[in-house]
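Letter by letter, the chains look like this.
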Amino acid sequence: MVFSSALIENAVNEFAKLPGIGKKTALRLVLHLLKQEPGQVENFGEAITRMRKQIQFCKYCHNVSDEEVCSICKAPSRNNGIVCVVESIRDVMAIENTQQFNGKYHVLGGIISPIDGIGPDQLNIYSLVERVKADEIKEVIMAVSPTIEGDTTIYYISKKLKDYPVKVTTIARGIAFGGELEYADEMTLARSLTNRLPLENYLQQGK
Ligand SMILES: [Zn+2]
C-alpha cells in the first residue's frame, strides 16, 4: 500500500494491529475518521486512552471495574454464597447476559496450560482460596472450558479447596463452547448453569 501521507500511514498501521483488521479495512476506518469533525475524532481517541489508563481490576473477583471493587461484588442483591469461576472477563459478560446467575464471580485470568507456560501461580487461584477462607462461600461453580486444560484447572482448584466446607460444582459438560463461553447461546449457557453437577459426577463423566 502506498501512502502520500505518513500521518495516514501511521494511523492505518495502528488500526491494522487490531485483531481481524487487515490493511484494507484499516484504511477504510482511517478515511472514515478523516471525514469526521476533529472534535468527534478527539472523543474517539480519548475514550480509548481513558479506558486503557483508568481501567481497574476488582480486588475481589478480578473483573474489570471503574473502581477498586466492581459493581457485581458491590451489589447487595447478589448472593455472596455462590461464586462462579471463569477464565476471562468475556465469560463474565456472557453469563451476565443470560440474566440467570445471581451469585458472584472469580476471574482466573486464564487456565492451567503447561504447553503455554501457564502454571497455577500465573492465575488468580490464591485469591480464590483466600475468598473461600474469608467469606461465607457455600458453592464454587467451575465454568471453564471442557478441555484437558480446563479439567486440570478444575482438579487443581478442587484440591486447594478440599479442606474448606465449600461445595465444588461444574457447569454441565458437553456444552459446545470450548473456551468460547461468549459464543454459546444464552439459553444453552443458562441451562448448563442450572444443570450443574457436583464435581465427583463431573470427573466420573470425563472417564
Ligand atoms: Zn468484583
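Residues numbered from 1 in each chain as written. Predicted model: local features only at pLDDT ≥ 70, side-chain atom pairs only at ≥ 80, totals over all residues.

Draft legend 1. Spotlight on the overall build of the chain. A tally of regular secondary structure across the chain gives nine helices and seven strands. By principal-axis analysis of the C-alpha atoms, the chain measures approximately 65 × 40 × 35 Å. In the chain, which comprises 207 residues, the proportion classed as buried is 27%. The long-range fraction of contacts in the chain, counting pairs at least 24 apart against all pairs at least 6 apart in sequence, stands at 57%. (Helix = DSSP H or I, 4+ residues; strand = E, 2+ residues; numbered from the N terminus. Buried ≥ 20, exposed ≤ 12 C-beta atoms within 10 Å, placed from the backbone. Contact = placed C-beta atoms within 7 Å.)

Draft legend 2. Looking closely at helix α8 (residues 186-194). Those residues of α8 lying buried are L189, S192 and L193. All buried residues of α8 fall inside an arc of 105° around its axis, so they share one side. Exposed and oriented more than 90 degrees from the buried face of α8 are M187 and T194. For α8, the elements touching its buried residues are α5 (89-98). (Arc of directions from axis to C-beta.)

Draft legend 3. Region of the structure containing the environment of L108. By the secondary structure assignment, L108 is in the loop between β4 (104-107) and α6 (126-134). Judged by local crowding, L108 falls into the buried class, with 24 C-beta atoms found within 10 Å. Between the alpha carbons of L108 and S127 there is a distance of 9.4 Å; along the sequence they are 19 residues apart. In this structure, L108 is in contact with V85, V86, E87, L123, N124 and I125, ignoring residues within four places of it in sequence.

Draft legend 4. How the structure looks around the confidence of the model for the chain. Residue-level pLDDT values for the chain average 89, and 91% of them are 70 or greater. At the low end of the mean pLDDT range in the chain sits helix α9 (residues 199-205), at 68; at the high end sits β4, at 97. (pLDDT = per-residue confidence, 0-100.)

Draft legend 5. Focus on the packing of α5 against α8. Axis separation between α5 and α8 bottoms out at 9 Å; the angle between their running directions is 90°. Regarding the angle of α5 to α8, the classification is roughly perpendicular. Only E186, L189 and A190 of α8 make contact with α5, whose side of the interface consists of A94, I95, N97 and T98. A per-class count over the contact of α5 with α8 returns four nonpolar, two polar and one charged. (Axes fitted to C-alpha atoms, helices over the stretch in contact; angles between N-to-C directions. Parallel < 35°, antiparallel > 145°, perpendicular 65-115°, else oblique. Nonpolar A, V, L, I, M, F, W, Y, C, P; charged D, E, K, R; others polar.)

Draft legend 6. Broad picture of the nonpolar core. The biggest cluster of nonpolar side chains holds 36 residues, and the ones touching the most others in it are C84, V85, V86, V140, M142 and A143. Contributing elements (two or more residues each) for this core: β3 (82-86), α5, β4, α6, β5 (139-142), α7 (148-161) and α8. With sequence-adjacent residues up to four places away left out, M142 is seen in contact with V85, I154, I157, V168 and T170. (Core = buried A, V, L, I, M, F, W, Y, C linked by C-beta atoms within 7 Å.)

Draft legend 7. Inspection of the environment of K23 at higher detail. Here K23 lies in helix α2 (residues 23-35). C-beta crowding within 10 Å serves as the criterion here: with 12 such atoms nearby, K23 is assigned to the exposed category. Residues K23 and Y105, spaced 82 residues apart in sequence, show a C-alpha to C-alpha distance of 38 Å. Among all residues touching K23, those that are not within four sequence positions of it are M1, V12 and A16.

Draft legend 8. Layout of the pairing of strand β6 (residues 167-170). Where β5 and β6 come together, four bridges link them in parallel fashion. Looking at the pairing, E139 lines up with K167 of β6. Both β6 and strand β7 (residues 197-198) contribute to a ladder of two bridges, which runs antiparallel. The residue bridging T170 from the neighbouring strand is L197, located in β7. (Pairing = 2+ DSSP bridges.)

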